Amino acid sequence: MRVLAEVHARDGYPVNWPDQPYEWLSLGPSLGSWVAELDGLLVGHVCLSRAGDGDLAPGLWSRREGTARSTTAVVGRLFVAPQARGHRIGAALLDRAVEEARHRGLHPVLDVVTSDTAAADLYERLGWQLMDTVEQQWSAHQTVAIRCYAAPT
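Residues numbered from 1 in each chain as written. Predicted model: local features only at pLDDT ≥ 70, side-chain atom pairs only at ≥ 80, totals over all residues. Heavy atoms only, no water.

Focus on helix α1 (residues 2-11)
In an α-helix, one full turn covers 3.6 residues, which means residues spaced three or four apart are oriented alike.
Turning to step 1, where the next piece is worked out: Of the positions making up α1, those classed as buried are V3, L4 and V7. The arc enclosing the buried residues of α1, seen along the axis, measures out at 100 degrees, which places them on a common side.
Turning to step 2, where the next piece is worked out: Structurally, α1 contributes buried residues whose contacts are with α2 (21-26), β2 (41-49) and β3 (72-80). (Buried < 20%, exposed > 50% of the residue type's maximum accessible area, 1.4 Å probe, protein only. Helix = DSSP H or I, 4+ residues; strand = E, 2+ residues; numbered from the N terminus. Arc of directions from axis to C-beta. Contact = heavy atoms within 4.5 Å.)

Structural data, given as structure tokens:
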């Protein structure tokens, strides 16, 4: 929770702080979660899950490829402690999630808010393909622009 709170304070991720941060990180249709350590300290996290109702990228990928949403895996909850950046930890965590998705015969996709330009820059540097940018209604009072990416084939 400490690292997530640091990331939220610095970068605004997640956009809406969860009521139950531990559950936000650990519950759901997970295919796996991984953490990264640097000098004995926990400094990063990523998870892989099946497509949920709020995930936009799986639908875009499946329409584009003519496949079912079930052929995708969603990379999420990727964050790295501010003091640990510059060590390729985000890329390593992302690579691990992609490896697991491919091992399961699934194509990795992800959604990211447009305001998270550092994350989008990382994905694009690593060859992820921007499929579309769309508006998503998160609540009656909150609409957010989302960039949807697919891992390189």
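On we go from here.
Some details on the environment of P82
Turning to step 1, where the next piece is worked out: For P82, the position within the fold is in the loop between β3 and α4 (89-103).
Turning to step 2, where the next piece is worked out: Under the relative-accessibility criterion, P82 is labelled buried at 17%.
Turning to step 3, where the next piece is worked out: For the pair P82 and E124, spaced 42 residues apart in sequence, the C-alpha to C-alpha distance is 20 Å.
Turning to step 4, where the next piece is worked out: If we ignore the near neighbours within four places in the chain, the residues touching P82 are E6, V7 and R10.

Focus: the pattern of salt bridges
Turning to step 1, where the next piece is worked out: On inspection of all chains with the given rule, the structure shows 8 salt bridges.
Turning to step 2, where the next piece is worked out: Linking R64 and E65 is a salt bridge whose minimum nitrogen-to-oxygen distance equals 3.4 Å.
Turning to step 3, where the next piece is worked out: Overall, the relative accessible area of 41% leaves R64 in the partly exposed class.
Turning to step 4, where the next piece is worked out: Between R147 and E124 there is a salt bridge, with the nearest N and O atoms lying 2.5 Å from each other. Note that R147 is positioned in strand β6 (residues 142-150) and E124 in helix α5 (residues 117-125), a separation of 23 residues in sequence.
Turning to step 5, where the next piece is worked out: By relative accessible area, E124 is classed as partly exposed at 38%. (Salt bridge = Lys/Arg side-chain N within 4 Å of Asp/Glu carboxyl O.)

A few points about the environment of W128
Turning to step 1, where the next piece is worked out: Relative to the assigned elements, W128 resides in the loop between α5 and β5 (129-139).
Turning to step 2, where the next piece is worked out: Residues W128 and A118 lie 10 residues apart in sequence; the distance between their C-alpha atoms is 14 Å.

Functional significance is not addressed by these values, which are geometric in nature.
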